[in-house]
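Spelled out from the first residue to the last, the chains are:
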Amino acid sequence: VSGGAAGGGGATTGQLVAHYKFDETTGTTASDETGNHNGTLYNNPTWSPGQGRVGGALRFTAANSTYVRVPRTAALEPTAVTVSLWARRIGAQDT
């Protein structure tokens, strides 16, 4: 995640504010590569070593409302943001 100027004085334009690889293999923490915004796993998303685009992955399920929660901070509330991700959908498409 990279962002523009944050309201509370955080990231500057184009600065990387968070980077989650989701390649851990155990535990309840998703590490932020910048070292600033680690997240906590909720409702048991599943670590999937070797299943990611590069390395491991984290599998979320809608049925269990799985997610990663990151504490609120001004650096993660920029006025503009760019988010990129690799996602692989498994299963039938909902209509």
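Remember, predicted model here, so these are calculated numbers, not experimental data. (Residues numbered from 1 in each chain as written. Predicted model: local features only at pLDDT ≥ 70, side-chain atom pairs only at ≥ 80, totals over all residues. Heavy atoms only, no water.)

**Points about the layout of surface pockets**
Empty pockets left among the atoms are what a rolling probe the size of a water molecule brings to light. Of the voids in this model, the largest pocket is the one considered here, and its volume is about 1,300 Å³. Looking at the largest pocket, it is lined by 31 residues, and the ones nearest its centre are Phe-22, Leu-58, Leu-85, Trp-86 and Ala-87. Looking at the lining of the largest pocket, the element that brings in the most residues is strand β6 (residues 57-59), giving 3 residues. Of the residues contributing to the lining of the largest pocket, the split by class is 16 nonpolar, 8 polar and 7 charged. (1 Å grid on protein atoms, 1.4 Å probe; cavity = no way out; pocket = protein on both sides within 12 Å on 5 of 7 lines; lining within 4 Å. Points joined across faces, edges and corners; volume = space filled by probe spheres on them. Helix = DSSP H or I, 4+ residues; strand = E, 2+ residues; numbered from the N terminus. Nonpolar A, V, L, I, M, F, W, Y, C, P; charged D, E, K, R; others polar.)

**Overview of the pattern of salt bridges**
Counted by the stated rule, this structure contains 1 salt bridge. In this structure, Glu-77 and Arg-72 form a salt bridge, with 2.4 Å as the shortest nitrogen-oxygen distance. (Salt bridge = Lys/Arg side-chain N within 4 Å of Asp/Glu carboxyl O.)

**Structural notes on the side chain of Asp-32**
The residue Asp-32 is located in the loop between β3 (29-30) and β4 (39-42) in this model. We note that Asp-32 is buried and unpaired, the nearest opposite charge coming from Lys-21 at a distance of 11 Å. One polar contact links Asp-32 to Thr-34, side chain to side chain, over a distance of 2.5 Å. For Asp-32, the side chain forms a polar contact with the main-chain nitrogen of His-37, separated by 2.9 Å. Leave out the neighbours within four places in its chain, and Asp-32 touches Val-17, Ala-18, His-19, Tyr-20, His-37 and Asn-38. (Buried < 20%, exposed > 50% of the residue type's maximum accessible area, 1.4 Å probe, protein only. Lys, Arg positive; Asp, Glu negative; His and termini not counted. Polar contact = N/O pair within 3.5 Å; in protein donor to acceptor, adjacent residues only side chain to side chain. Contact = heavy atoms within 4.5 Å.)

**A closer look at the packing of aromatic side chains**
Under the defined criterion, the tally for this structure stands at 3 aromatic pairs. For the pair Tyr-20 and Phe-22, a centre-to-centre distance of 6.0 Å together with 20° between the ring planes defines the contact as stacked. Classification of Phe-22 as partly exposed rests on a relative accessible area of 23%. Among the aromatic residues, ring-to-ring pairing joins Tyr-20, Phe-22 and Phe-60 into one connected group. Looking at Arg-53, its charged tip hangs above the ring of Trp-86, at a distance of 4.1 Å from the centre. (Phe/Tyr/Trp six-rings, centres within 6.5 Å; stacked < 30°, edge-to-face > 60°. Lys NZ or Arg CZ within 6 Å of the ring centre and 35° of its normal.)

**A word on the pairing of β4**
Taking every second residue as pointing to the same face, the buried face of β4 carries Gly-39 and Leu-41, while none of Thr-40 and Tyr-42 on the other face is buried. Sheet topology places β4 next to strand β7 (residues 67-69); 3 bridges connect them, and they run antiparallel. Paired with Thr-40 across the two strands is Arg-69, which belongs to β7. (Pairing = 2+ DSSP bridges.)

Honestly, it's all geometry; don't read function into it.
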